[in-house]
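# Chains, contacts and geometry: an overview
These are the residues of each chain, in order.
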Amino acid sequence: MRNQAEKKTSIRDLSDRELFYGHKACPGCGGSLALRLALKVLGERSYAVVPAGCMSAVGFIFPQMAFGCNAIISTFAGTASMLSGVAAGARALGIKDFHAVGFAGDGGTADIGIQALSGAIDRHDKIIYICYDNEAYMNTGVQKSGLTPIGARTTTSPVGQRLRGSVNRKKPMFEIVAAHGIDYAATASVGYPLDYLRKLEHARHVEGTSYIHVFSPCPVGWGYETADTIAVAKNAVDCGLWYLAEFSEGRFALNHNPAELTSVRDYLMGQSRFRHLQEEDINAILAQREAFWTRIHREWRV
Amino acid sequence: MNFPERNRSFKPPKELKDYPVGTAFPAGHLVDTNAAWRSLRPVIDAIKCSNCLICWLLCPDGVIHRNSEGGLEIDYDFCKGCGICSKECRQKAIRMESEGE
Amino acid sequence: MVEKRAFISGNEAVAAGVCLARPHVIAAYPITPQTTVIERLAEMVEDESLRAEYLHVESEHSALSACIGASAVGARTFTATSSQGLLYMAECLHYASGGRFPVVMMNANRSVALPWNIYGDQRDSLSLLDCGWIQAYAEDAQESLDMILHAYAIAEHPDVLTPMMINLDGFVITHTYELVTIPAQSDADLFLAPFQTSNKMDFDSPMSLGFTAGPAYNQAFKQLQHLAMLSASRVIREVEEKFGQLFKRNYSGLLETLYCDDAEYIIVTLGSVAGTLRPVIERLRALGERVGLVRIRYMRPFPLEEIRKALAGAKAVGVLEKDISFGFEGTVYTNVNSALMSANLMRPRLRNFIGGLGGKNISAQDVEMMFSRLKSSDEGERVEFI
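Just so it is clear, the model here is predicted, and its values are computed rather than measured.

## Looking at the side chain of Asp366(C)
All names here are of chain C.
- Relative to the helices and strands, aspartate 366 is located in helix α13 (residues 364-375).
- At a separation of 2.8 Å, a polar atom in the side chain of aspartate 366 contacts the main-chain amide nitrogen of serine 363.
- When residues no more than four places from it in sequence are discounted, the contact partners of aspartate 366 are Asn361 and Ile386.

Structure below.
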């Protein structure tokens, strides 16, 4: 299990160096914060691999280069395989003391990139894969992904006479990667930044593959005020629709186990993508929440 | 520097020979700002600020910087005015002011 | 260490060539008839006769993505594929060439489904002619090995920096055993310098790679890519000359000609089928017939001037290819025709022979038939399936 003596990450210990700066992400973008904080922890000796998606679209527009460390845009499906290649190449060239870190969105991870991610985990390649989950294809204009939650309105899961937003549930990516026997996996939220920073710090030292799934709200796609990104990300955890967990050495741990969950209704109604939901929809989401927590308490023994 | 400075002398390539080989260009190379995106401007009240650094931590653009006197400064060239810093400040030390018309 | 002679298949010759080139990273996914290349390489890595990182990837898309990633930190890379696998990595082909990552890949030319078929034709690579890779076609195992060594020298040349695909006809070359000379490692090292590039991520001066270039800049990058590919024509000749001096095996650049100085009837083709043509041509020449052969070795860069020169005196030319662009004609024919049309020359009669699709045999009788078609003044079908 985790070394209990592991130093608690303090804000003051973080580097002043900004390695993701001057990017063109929308104001209040949760994904860009997730990326910026990760590079603060991982530092200058990082090779960032970023597939098609928001972060590549806003970070590398010739001649404006927002990454301060080495970075490359990968093929959409190839985040993990390009990471493996970068790590293997650097290793073969005798380059020491580096991180190969990927930043892929929810679609790039759970949909088009899942094959390559699966392969990299299987090889136990020493890479850090960060999924910044904003719950839809935001860069292309808010289309449904495999991580869009049930009921969410997107441009391809519209609200009409027959459908009330997405009918799929979020793929359980954290458990999917854990089922591979991954060396380290964690969920996080930009609403709980210290927890996220601690997990990044842990991932730095993992000899093998790390996967961090960070919940990263998107004001444009979700329909809330730009200032509320952190609050929305925190609410998602507090109301039990997102969770903070880790998987290490074959065991699950829950890092935040609220005795009482806050209102799902308030969380949903605070975002325009959910405002069409009716009583029965909210009840269905509540039932899913219940089932999820019951299951993980039982299965993870937490 | 802890964050890149804008390259004000950058000249866009004109001839083919001015272009980089492949798609490789120096990291952290900024030629324009994001200031024009902003309708609201965060202003830090140094008296109220407890220097907890939560604004510095949570800024998606990383535009709040610690200065040598231990205070905080905002890089208005790249602040987009999202208001996260103001909202998350526990001391209510950051107010959002209108940029005007 | 001295060079040695070995009775090996085309695939094994490729593996031997790759080993001599000392790549840092090999990433590959198996597909018939490429498999024995990556099997031999895996064995070489296992017994440390080749010190390289060998990545067992989950798809061809991942194989080339991994090679691009490794190349992007300055590593020398190799992958191999075939047919459906080549098509599956198509996106990455453009990515590698646009990013100017000099990945070297062997492709076992194989038919493309449907109907399913594992045998050789060239529709896989020829359908990807425009993806910005240097495309070479070997005729036998020895040339396959040598071309791998050439490939690194060409692709990594600073004026070129373009990935290269070496095509071997599936089974006919990949699985046919021939006596092959394998150069000594010390000679290979003399021939091939370590890969040096500034087009990489570097901790001494961090770089952003694979960036976006909008409408104001994009075309210039594409134009540079085109110019680099054109430069490859010169570099190929330089590399082959250096190779010839060291190894005493000489190659003739973008194409090879046989009796084109006086031939009236010439067949233009590529790959292993040239081996079927050669004895027929010799026999016909012995009977006094002025026939000749052009074997295209490189489809990209295309041997524009060389084709014009070789075909300048011909009365009729047949282009024989294992490819068809449905609804038009064979792609090689289109290219040859364009080369001739854009030159202000007397234009020979041109016919297109499509054969060998899905491994269909092209026999000596077929070759004789094609020459007799060329001699006939009857125009006949422009595109003829044989």
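## With respect to the interface of chain A and chain B
- Opposite the 39 residues of chain A that make contact, chain B presents 41 residues.
- Of the roughly 3200 Å² buried between chain A and chain B on both sides combined, carbon and sulfur atoms contribute 58%.
- Between the two partners, chain A and chain B, sit three salt bridges.
- Between Lys87(B) and Asp228(A) there is a salt bridge, and its shortest N-O distance comes to 2.9 Å.
- Taken together, the links from chain A to chain B amount to 26 residue pairs in polar contact (both at pLDDT 80 or more).

## Quick word on the domain arrangement of chain C
Residues and elements named next belong to chain C.
- For chain C, the domain assignment lists domain 1 (4-247) and domain 2 (255-385).
- Taking the mean C-alpha position of each, domain 1 and domain 2 sit 27 Å from one another.
- At the junction of the two partners, domain 1 supplies 30 residues and domain 2 supplies 28 residues.
- Contact between domain 1 and domain 2 buries roughly 2200 Å² in total, counting both sides, with carbon and sulfur atoms accounting for 52%.
- Broken down residue by residue, the surface that domain 1 buries against domain 2 is led by Arg123, Leu129 and Glu139, which jointly contribute 28%.

## Notes on the sheet that holds strand β2 (residues 25-28) of chain C
- One open sheet accounts for seven strands, arranged β3-β2-β4-β5-β7-β6-β13 (chain C); its pairing is mixed. Each edge of the open sheet is held by one strand with a lone partner, namely β3 (53-56) and β13 (298-300) of chain C. For this sheet the average axis-to-axis angle between neighbouring strands, irrespective of direction, equals 20 degrees.
- In this sheet, strand β4 (residues 77-82) of chain C lies alongside β2(C) in parallel orientation, the contact comprising two bridges. By the bridge assignment, Ile26(C) is partnered in β4(C) with Phe78(C).
- In this fold helix α3 (residues 79-92) of chain A packs onto β2 and β3 of chain C, with an angle of close to 165 degrees to the strand it touches most, β3(C).

## A closer look at the pattern of salt bridges
- With the rule as written, the count across this model stands at 57 salt bridges over all chains.
- Through salt bridges with shared partners, a single network forms among Glu139(C), Glu143(C), Glu240(C), Glu256(C), Arg278(C), Arg295(C) and Arg297(C).

## Quick look at the interface of chain C and chain B
- With 18 residues of chain C in contact, the opposing surface of chain B contributes twelve residues.
- Of the roughly 1300 Å² buried between chain C and chain B, counting both surfaces, carbon and sulfur atoms make up 70%.
- It is Phe211(C), Tyr217(C) and Phe221(C) in chain C that bury the most area against chain B; as a group they hold 32% of the surface buried on that side.
- Here chain C and chain B share zero salt bridges between them.
- Linking chain C with chain B are three residue pairs in polar contact (both at pLDDT 80 or more).
- At the level of secondary structure, the elements contributing two or more residues to the side of chain C that touches chain B comprise β9 (207-209) and α9 (218-247) of chain C.
- It is α9(C) that provides the largest number of residues to the side of chain C that touches chain B, a total of five residues.
- Taken together, the residues that form the side of chain C that touches chain B break down as eleven nonpolar, six polar and one charged.
- Across three bridges, the pairing between strand β1 (residues 24-26) of chain B and β9(C) is antiparallel. Pairing of Ala24(B) across the sheet is with Leu209(C), part of β9(C).

## Considerations on the sheet that holds strand β10 (residues 255-258) of chain C
Residues and elements named next belong to chain C.
- Strand order in this open sheet of six strands is β10-β12-β11-β14-β15-β16, and the pairing throughout is mixed. The open sheet has two free edges, formed respectively by β10 and β16 (383-385), since each of these has just one partner strand. Mean inter-strand twist for the sheet, computed between neighbouring axes without regard to direction, equals 20 degrees.
- Across six bridges, the pairing between strand β14 (residues 316-321) and strand β15 (residues 349-354) is parallel. Its bridge partner lying in β15, valine 319 is registered against asparagine 352.
- Here helix α12 (residues 331-341) sits on the sheet in contact with β11 (265-270), β12 (291-296), β14 and β15, set at roughly 150 degrees to β14.

What counts and what doesn't
- Residues numbered from 1 in each chain as written.
- Chains lettered and ligands numbered in written order.
- Predicted model: local features only at pLDDT ≥ 70, side-chain atom pairs only at ≥ 80, totals over all residues.
- Heavy atoms only, no water.
- Helix = DSSP H or I, 4+ residues; strand = E, 2+ residues; numbered from the N terminus.
- Polar contact = N/O pair within 3.5 Å; in protein donor to acceptor, adjacent residues only side chain to side chain.
- Contact = heavy atoms within 4.5 Å.
- Buried area = accessible area lost by both parts, 1.4 Å probe.
- Salt bridge = Lys/Arg side-chain N within 4 Å of Asp/Glu carboxyl O.
- Domains from an automatic or database assignment.
- Pairing = 2+ DSSP bridges.
- Axes fitted to C-alpha atoms, helices over the stretch in contact; angles between N-to-C directions.
- Nonpolar A, V, L, I, M, F, W, Y, C, P; charged D, E, K, R; others polar.

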